[in-house]
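Architecture and fold: a report
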Amino acid sequence: QVQLVESGGGLVQAGGSLRLSCAASASIFSIRNMGWYRQAPGKQRELVATITSGGTTNYPDSVKGRFTISRDNAKKTVYLQMNGLKPEDTAVYYCRMWRDYSDYWGQGTQVTVSS
């Protein structure tokens, strides 16, 4: 069964850094598109970063220059390096994996940034 397992969340002070990991059980991981999304209480889920099977990345302005998404196909893992964290980054962060006719989500990991 396909599973996405996030890890690396926690409590950090403003200005600090965290690195999130998402390990996938899917076969032929290299052909999958991967992404990170987040959802704060009372807010809609929003895109944080994506990386395609070809390595193309995308970020919204809110995190551009602070967050970096990367992937290690040999380890079937996608990462989100978060630097210069702000209290407004506090949310549950979700990993997503998709291809033409499949779409999977992880269970989420909590990131809390204190001021």
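Anything mentioned here points back to the structure above.
Our subject in this report is the structure included herewith. (Residues numbered from 1 in each chain as written. Predicted model: local features only at pLDDT ≥ 70, side-chain atom pairs only at ≥ 80, totals over all residues. Heavy atoms only, no water.)

Concerning the overall build of the chain
Convention followed: Helix and strand assignments come from DSSP, with helices taken as H or I runs of at least 4 residues and strands as E runs of at least 2, each series counted from the N terminus. The globule rule is 2.2 Å times the number of residues to the power 0.38, and the radius of gyration it is compared with is taken over C-alpha atoms. Only protein chains enter the accessibility calculation, which uses a 1.4 Å probe; a residue whose area is less than 20% of its type maximum is buried, one above 50% is exposed, and one in between is partly exposed. When checking whether two residues touch, look at their non-hydrogen atoms; a contact exists if any pair is within 4.5 Å. Accessible surface area values rest on a Shrake-Rupley calculation with a 1.4 Å probe, where residue burial reflects the displayed protein chains alone. For the charge count, each Lys or Arg is scored as positive and each Asp or Glu as negative, with His and the chain ends excluded. Throughout, a charge is located at the NZ atom of Lys, the CZ atom of Arg, the CG atom of Asp or the CD atom of Glu.
The helix and strand inventory of the chain stands at 0 helices and 11 strands. Along the chain direction, N to C, the helices and strands of the chain fall in the order β-β-β-β-β-β-β-β-β-β-β. Computed over C-alpha atoms, the radius of gyration of the chain comes to 13 Å, within 12% of the 13 Å expected from 2.2 N^0.38 for 115 residues, which places it in the range of a compact globule. Across the 115 residues of the chain, 42% fall into the buried class. A sequence separation of at least 24 residues applies to 55% of the contacts in the chain between residues at least 6 apart. By element, 47% of the accessible surface of the chain is carried by carbon and sulfur atoms, the whole surface being about 6100 Å². Across the chain, the mean location of the 13 positive side-chain charges is 4 Å away from that of the 8 negative side-chain charges.

Side note on the side chain of Ser-102
Relative to the helices and strands, Ser-102 is located in strand β10 (residues 102-105). On the basis of relative accessible area, Ser-102 is assigned to the buried category, the value being 16%. Once residues within four sequence positions are removed from consideration, Ser-102 is found in contact with Arg-32 and Met-97.

A look at the pattern of salt bridges
So the rule is basically this: Here, a salt bridge means any Lys or Arg side-chain nitrogen found within 4 Å of an Asp or Glu carboxyl oxygen.
Throughout the structure, instances matching the rule amount to 5 salt bridges. Between Glu-46 and Arg-38 there is a salt bridge; the shortest N-O distance is 2.8 Å. A salt bridge links Asp-61 to Lys-64, with the shortest nitrogen-to-oxygen separation between them at 3.5 Å. Take Asp-61: its relative accessible area is 68%, and that puts it in the exposed class. A single network of salt bridges, built from pairs that share partners, joins Arg-38, Glu-46, Arg-66 and Asp-89.

Comments concerning the pairing of β10
Note the following rule: In short, DSSP must find at least two bridges between two strands for them to pair.
Sheet topology places strand β9 (residues 91-99) next to β10; 4 bridges connect them, and they run antiparallel. Counterpart to Arg-99 in the pairing with β10 is Ser-102.

Concerning the sheet that holds strand β1 (residues 4-7)
We count it as follows: Under this scheme, a helix contributes an axis fitted over its contacting stretch, all axes are lines through C-alpha atoms, and angles between N-to-C directions fall in the 0 to 180 degree range.
Strand order in the open sheet formed by 4 strands is β1-β3-β8-β7, and the pairing between neighbours is antiparallel. The two strands at the open ends of the sheet, each matched to only one other strand, are β1 and β7 (67-72). Going from strand to strand, the sheet's axes swing by 15 degrees on average, the running direction of each strand aside.

Examining unusual backbone geometry
Even without a glycine there, the phi angle at Ile-28 is positive, about 40 degrees. By the secondary structure assignment, Ile-28 is in the loop between β3 (18-24) and β4 (33-39).

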